[in-house]
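One-letter residues, chain by chain:
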Amino acid sequence: QVQLVESGGGLVQAGGSLRLSCAGSGPTFSIAVMAWFRQAPGKEREFVSVVSWNGGITYYAESVKGRFTISRDNAKNTVFLQMNSLKPEDTAVYYCAADFRRSLVEVRTGRADYWGQGTQVTVSS
């Protein structure tokens, strides 16, 4: 059973930075495709970023490209989301997702077997 636990959310002013972490359990974490999604109040969950098992391939939503960076440390079973130049519209609950059988393209559509509980990010103007 894979468990994902996000941390690092909080309240930050516009223009500031936050670094989210997602710690995964299980010996096969290093081969999982990992992704970040977010859901703002009253809106559907949306894709933010995804990374391949070795960190060599990444994709970003257009709205965060150039501001957010996804990375992973397989030795620590952790994936990160560095968020810079935050905007009020980045306010959402951020979720970590993992999948061991789907491609990056499939996972970025929201199809993933494992999800974390989410961490709140609030950006004030």
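See the structure shown above.
Residues numbered from 1 in each chain as written. Predicted model: local features only at pLDDT ≥ 70, side-chain atom pairs only at ≥ 80, totals over all residues. Heavy atoms only, no water.

**Student:** What am I meant to see in the state of the cysteines here?
**Tutor:** Scanning all chains against the criterion turns up one disulfide. Across the disulfide from Cys22 sits Cys96; the S-S distance is 2.1 Å. Since a negative S-S torsion denotes a left-handed disulfide, the Cys22-Cys96 link at about -80° is left-handed. Remark: Cys96 occurs in strand β9 (residues 92–99) and Cys22 occurs in strand β3 (residues 18–24); sequence separation between them is 74 residues. Judged by its relative accessible area of 0%, Cys22 is buried. (Disulfide = S-S within 2.5 Å. Helix = DSSP H or I, 4+ residues; strand = E, 2+ residues; numbered from the N terminus. Buried < 20%, exposed > 50% of the residue type's maximum accessible area, 1.4 Å probe, protein only.)

**Student:** Where do I start with the sheet that holds β3 in this structure?
**Tutor:** Two strands in a sheet stick together by hydrogen bonds in their backbones, pointing the same way (parallel) or opposite ways (antiparallel). Across the sheet, which stays open at both edges, the four strands sit in the order β1-β3-β8-β7 with antiparallel pairing between neighbours. Single-partner strands in this sheet number two, and they are β1 (4–7) and β7 (68–73). Each neighbouring strand pair of the sheet contributes to a mean axis angle of 15°, computed without reference to strand direction. Direction of pairing for β7 relative to strand β8 (residues 78–83): antiparallel, over a ladder of six bridges. Residue Thr69 lies in a different strand from β8, and its bridge partner there is Gln82. (Pairing = 2+ DSSP bridges. Axes fitted to C-alpha atoms, helices over the stretch in contact; angles between N-to-C directions.)

**Student:** Explain the side chain of Thr119 here, please?
**Tutor:** Turning to its location among the elements, Thr119 is positioned in strand β11 (residues 119–124). At 3.2 Å, the side chain of Thr119 and the backbone nitrogen of Gly9 are in polar contact. Each residue touching Thr119, except ones within four places of it in the same chain, is listed here: Glu6, Ser7, Gly8, Gly9, Leu20, Ala92, Val93 and Tyr94. (Polar contact = N/O pair within 3.5 Å; in protein donor to acceptor, adjacent residues only side chain to side chain. Contact = heavy atoms within 4.5 Å.)

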